[in-house]
Amino acid sequence: MTLEFENFKKLANDFASISLQLGDEWVIKTTKRNDIEDIYLEKRIIKSCDKECQDKNNSDEVEFPTFEYAVFIYHIIYSKSYYVPVLWFTAHHSNGKLLSLEELWKLIPNCFKNNDPDAKWNMLTQQEHPILGIPYFMIHPCYTSDLLSACCSKNYIITWLSVVGPVAGLNLPLEYAKHI
């Protein structure tokens, strides 16, 4: 199943309205380039890194700088190539340094990983953000259409995001289930 852009806009506005009711802080962003309207959803999350997290990170093979928090910025953008929503995100340490793919990969739940060392590149891709023009990570949308086809939902963004969000460290509150 694919979504037309107008349907995506309606679902995005509905999602933002539900988010506002739940206090989940997703906001609608709009831009206009060359007389073409773009709409996307944005959420910013500050994640603390407590002592346990720092100890765990320091014992891994990747060297983590000492930091107190990381800022994650998530965007849900309509793909004009795949006709589905795509989750884009970036994350940086409190000192402004971007988290690397290796650091992000360590935050992904094990259920999304396999033993293939290249698996992270099959799931996460770093590309130029289609609206902002700066590097962001994205969850590859290859199977999104199949996922949406398997679902019955009043809001496909909620259903889709509840599945792909955890790959990027994003979990929807359970209260969203009342709206699918």
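For the structure, see preceding data.
Residues numbered from 1 in each chain as written. Predicted model: local features only at pLDDT ≥ 70, side-chain atom pairs only at ≥ 80, totals over all residues. Heavy atoms only, no water.

1. Notes on the side chain of Glu 42
- Mapped onto the elements, Glu 42 comes out in strand E2 (residues 36-48).
- Among the polar contacts made by the side chain of Glu 42, one reaches the side chain of His 75 at a distance of 2.7 Å.
- Look past the residues within four positions of Glu 42 in its chain and what remains in contact with it is Glu 25, Trp 26, Val 27, Lys 29, Ile 73, Tyr 74 and His 75. (Helix = DSSP H or I, 4+ residues; strand = E, 2+ residues; numbered from the N terminus. Polar contact = N/O pair within 3.5 Å; in protein donor to acceptor, adjacent residues only side chain to side chain. Contact = heavy atoms within 4.5 Å.)

2. Some remarks on the nonpolar core
- Judged by nonpolar contacts, the single largest core of 43 residues is most densely connected at Phe 15, Trp 26, Tyr 74, Ile 76, Leu 87, Ile 157 and Leu 161.
- Among the elements of the structure, helix H1 (5-22), E2, strand E3 (69-78), strand E4 (85-93), helix H3 (101-107), strand E6 (135-139) and helix H6 (156-164) are those that each provide at least two residues to this core.
- The element contributing the most residues to this core is H1, with 7 residues.
- Phe 15 has contacts with Trp 26, Leu 41, Asn 155, Ile 157, Ile 158, Leu 161, Leu 172 and Tyr 176, leaving out every residue within four places of it along the chain.
- With 9 residues, the next largest nonpolar core counts Ile 77, Trp 88, Tyr 136 and Met 138 among its residues. (Core = buried A, V, L, I, M, F, W, Y, C linked by side-chain atoms within 4.5 Å. Buried < 20%, exposed > 50% of the residue type's maximum accessible area, 1.4 Å probe, protein only.)

3. Structural notes on the environment of Ile 18
- In this fold, Ile 18 is placed in helix H1.
- In this structure, the C-alpha to C-alpha distance between Ile 18 and Ile 158, residues 140 residues apart in sequence, is 9.8 Å.
- Filtering out sequence-adjacent residues up to four positions away, Ile 18 remains in contact with Ile 158, Tyr 176 and His 179.

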